[in-house]
Amino acid sequence: MRGKRDTRPSPRFPEEPKVREEDLEKGAFVLPGELVGTTEEFRAGEGTTVITGDIYSSATGYVYIDRKSRIVTVRPSTNTPNIMKVGDIIFGKITDVRESGAMVEFAGIEGKADRKIVNATRLGDIHVSNVRDSYVKRLANEFRPLDIVRARVIDLDRLRLTTAENSLGVMKAYCSNCKGELVLDKDRKKLKCPVCDRTETRKLAVDYGKGIK
């Protein structure tokens with residue numbers, strides 16, 4: 001004997017709340033990998049990713065916060081693509097540091113950093129010979145993964161970059177121990193973590209910590 005067919009309606013799950021444009025609060029301009037909030041404060045929206053309870057930007061653009069729905073998103077301000085050229089100043093994130101070079105994930109071109117670069121499908125490379133205008137003994141003292149850097153394109157075919165100029169180098173860095181954002185010491189030569197008191201060095205841009213222009 002066949003059992004009776006269950007005609008009860010299936011349970012409905014609540015839909016994701018629609019974000020109204022008038023409810024959005026525009027925040028800072030960010031690059032991929034920058035902290036934009038925590039899961040205690042917000043839910044991660046478009047253009048973000050969650051790592052151990054912290055919400056980081058996964059896109060280049062502006063932070064938007066919907067405090068009513070408690071959602072944080074990162075949106076590009078325009079969809080017009082960029083074509084990278086030799087001589088361009090780029091922003092990016094250090095993804096790996098090896099003995100001979102540091103790998104950079106491209107985020108944007110200076111002055112056009114809110115637009116996607118269409119001809120940068122690979123990682124850029126800062127060779128140890130292009131870090132400074134002086135000898136570099138150990139590359140790990142110049143860059144660390146997650147650092148945000150400003151660099152100049154010197155070879156488009158091999159995506160080679162340089163940070164040898166004073167205006168180029170690390171713009172924002174995080175502590176290798178606790179991931180706190182590092183600040184300049186009184187002499188403006190080394191970086192110090194205000195959380196765990198650790199001191200580190202980098203190849204710093206002259207305007208370290210002053211944001212992206």
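Residues numbered from 1 in each chain as written. Predicted model: local features only at pLDDT ≥ 70, side-chain atom pairs only at ≥ 80, totals over all residues. Heavy atoms only, no water.

## Things to note about the packing of aromatic side chains
1) Next: As enumerated under the stated definition, the model contains 1 aromatic pair in all.
2) Next: Measuring from centroid to centroid gives 5.2 Å for Phe-29 and Tyr-62, while their planes differ by 65°, and the two rings are edge-to-face. Of this pair, Phe-29 sits in strand S1 (residues 24–30) while Tyr-62 is found in strand S6 (residues 61–66), placing the two residues 33 residues apart along the sequence.
3) Next: Since its relative accessible area comes to 23%, Phe-29 is described here as partly exposed.
4) Next: The positively charged end of Lys-26 is found above the aromatic ring belonging to Tyr-62, 4.2 Å away from the centroid.
5) Next: It is Arg-75 that lies over the ring of Tyr-64; its NZ or CZ is 5.3 Å from the centre. (Phe/Tyr/Trp six-rings, centres within 6.5 Å; stacked < 30°, edge-to-face > 60°. Helix = DSSP H or I, 4+ residues; strand = E, 2+ residues; numbered from the N terminus. Buried < 20%, exposed > 50% of the residue type's maximum accessible area, 1.4 Å probe, protein only. Lys NZ or Arg CZ within 6 Å of the ring centre and 35° of its normal.)

## A short note on the sheet that holds strand S3 (residues 43–44)
1) Next: With mixed pairing, 4 strands are arranged side by side in an open sheet as S1-S6-S7-S3. One side of each edge strand has no neighbouring strand; the edge strands of this open sheet are S1 and S3.
2) Next: The pairing of S6 with strand S7 (residues 71–75) spans 5 bridges and is antiparallel. When the sheet's bridge partners are listed, Tyr-62 is paired in S7 with Arg-75. (Pairing = 2+ DSSP bridges.)

## Section: the environment of Asp-197
1) Next: If you trace the backbone, Asp-197 turns up in the loop between strand S15 (191–192) and strand S16 (199–200).
2) Next: On the accessibility criterion, Asp-197 (51% relative accessible area) is exposed.
3) Next: Along the backbone, Asp-197 and Asn-177 are 20 residues apart, and their C-alpha atoms lie at a distance of 9.9 Å.
4) Next: Polar contacts involving the side chain of Asp-197 include one to the side chain of Lys-192, which spans 3.2 Å. (Polar contact = N/O pair within 3.5 Å; in protein donor to acceptor, adjacent residues only side chain to side chain.)

## With respect to the confidence of the model for the chain
1) Next: For the chain, per-residue confidence averages 83 on the pLDDT scale, and 81% of positions sit at 70 or higher.
2) Next: The spread of mean pLDDT over the elements of the chain runs between S1, the lowest at 85, and strand S12 (residues 160–162), the highest at 97.
3) Next: Here residues 10–17 is a poorly scored stretch, pLDDT under 50, and it has 5 contacts once near neighbours within four places are set aside; other chains count. (pLDDT = per-residue confidence, 0-100. Contact = heavy atoms within 4.5 Å.)

## What to know about the sheet that holds strand S14 (residues 183–184)
1) Next: Pairing within the open sheet is antiparallel, and its 3 strands lie in the order S14-S15-S16. In this open sheet, the two strands that pair with only one neighbour each are S14 and S16.
2) Next: Note: S14 against S15, 2 bridges, orientation antiparallel. In the strand pairing of S15, Leu-184 is matched with Leu-191.

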